[in-house]
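Structural description and commentary
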Amino acid sequence: VDRRQRQMCIRDRLYPNPVDSRLTIEMFVNEGQVGEGASIKLCDLSGKTWTNLTTNLQSNYQWLDIDLSSVPKGFYVLLLQIEGSTFSRKIVKN
């Protein structure tokens, strides 16, 4: 599997959205990405970073539970970076 195909195998799911205090991220990756690092960053629309996490992908399926209780209400962008590819998702914080 070449790099482009591996990148296309990454899927993610975020819930709940809008979020009150805890955001769950489910990541599904293919075999070639197990053991890779993943970076997760939550930024507001001005570019300020509110959350910055890193993790190693331990299996094809991995979930993270992120505490956003101290993040103010508003609109955010969650950036998920794996193997140099960045995926962005809009998040609303209640």
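What counts, and at which threshold
- Residues numbered from 1 in each chain as written.
- Predicted model: local features only at pLDDT ≥ 70, side-chain atom pairs only at ≥ 80, totals over all residues.
- Heavy atoms only, no water.
- Helix = DSSP H or I, 4+ residues; strand = E, 2+ residues; numbered from the N terminus.
- Buried < 20%, exposed > 50% of the residue type's maximum accessible area, 1.4 Å probe, protein only.
- Contact = heavy atoms within 4.5 Å.
- Polar contact = N/O pair within 3.5 Å; in protein donor to acceptor, adjacent residues only side chain to side chain.
- Core = buried A, V, L, I, M, F, W, Y, C linked by side-chain atoms within 4.5 Å.
- Salt bridge = Lys/Arg side-chain N within 4 Å of Asp/Glu carboxyl O.
- pLDDT = per-residue confidence, 0-100.
- Pairing = 2+ DSSP bridges.

1. Details of the environment of W50
- The residue W50 is located in strand β4 (residues 49-56) in this model.
- Classification of W50 by relative accessible area gives partly exposed; the value is 31%.
- The spatial distance from the C-alpha of W50 to the C-alpha of L78 is 10.0 Å, given a sequence separation of 28 residues.
- The residues touching W50, leaving out its near neighbours within four places in the chain, are L42, D44, V71, P72 and Y76.
- At 3.0 Å, the side chain of W50 and the side chain of D44 are in polar contact.

2. Details of the nonpolar core
- Formed by 19 residues in total, the largest nonpolar core has its most connected members in L23, I25, L78 and I91.
- Counting residues per element, the ones that place at least two in this core are β2 (22-28), β3 (37-44), β5 (61-67) and β6 (74-82).
- Top contributing element to this core by residue count: β6, with 4 residues.
- When near neighbours in sequence (up to four residues on either side) are disregarded, L23 contacts L14, Y15, P16, L64, D65, I66, L68, L78 and I91.

3. Focus on the environment of Q81
- Mapped onto the elements, Q81 comes out in strand β6.
- In this structure the C-alpha to C-alpha distance between Q81 and A38, which are 43 residues apart in sequence, comes to 5.6 Å.
- Ignoring sequence-local partners within four residues, the contact set of Q81 consists of G37, A38, S39 and T86.

4. Focus: the pattern of salt bridges
- Summed over the entire model, instances satisfying the criterion amount to 3 salt bridges.
- In this structure, the salt-bridge partner of R22 is D67, at a minimum N-O distance of 3.8 Å. In this pair, R22 is assigned in strand β2 and D67 in strand β5, connecting sequence segments 45 residues apart.
- When its relative accessible area of 39% is taken as the criterion, R22 is described as partly exposed.
- Each member of the salt-bridge network shares a partner with another, and the members are R22, D65 and D67.

5. Here's the deal with the confidence of the model for the protein chain
- Of all residues in the protein chain, 82% have pLDDT values of 70 or greater, and the mean over the chain is 83.
- In this model, residues 4-9 is a region of pLDDT below 50 whose contacts with residues beyond four sequence positions or in other chains number 12 contacts.

6. So, the pairing of β6
- Bridge count between β3 and β6: 7 bridges; the pairing is antiparallel. By the bridge assignment for β6, A38 is matched with I82.
- Two elements, β6 and strand β7 (residues 85-93), share 9 bridges in a ladder whose sense is antiparallel. The residue of β7 that forms the bridge with F75 is V92.
- Here β6 folds back onto β7 in antiparallel fashion, the turn holding 2 residues, of which E83 has a positive phi close to 55°.

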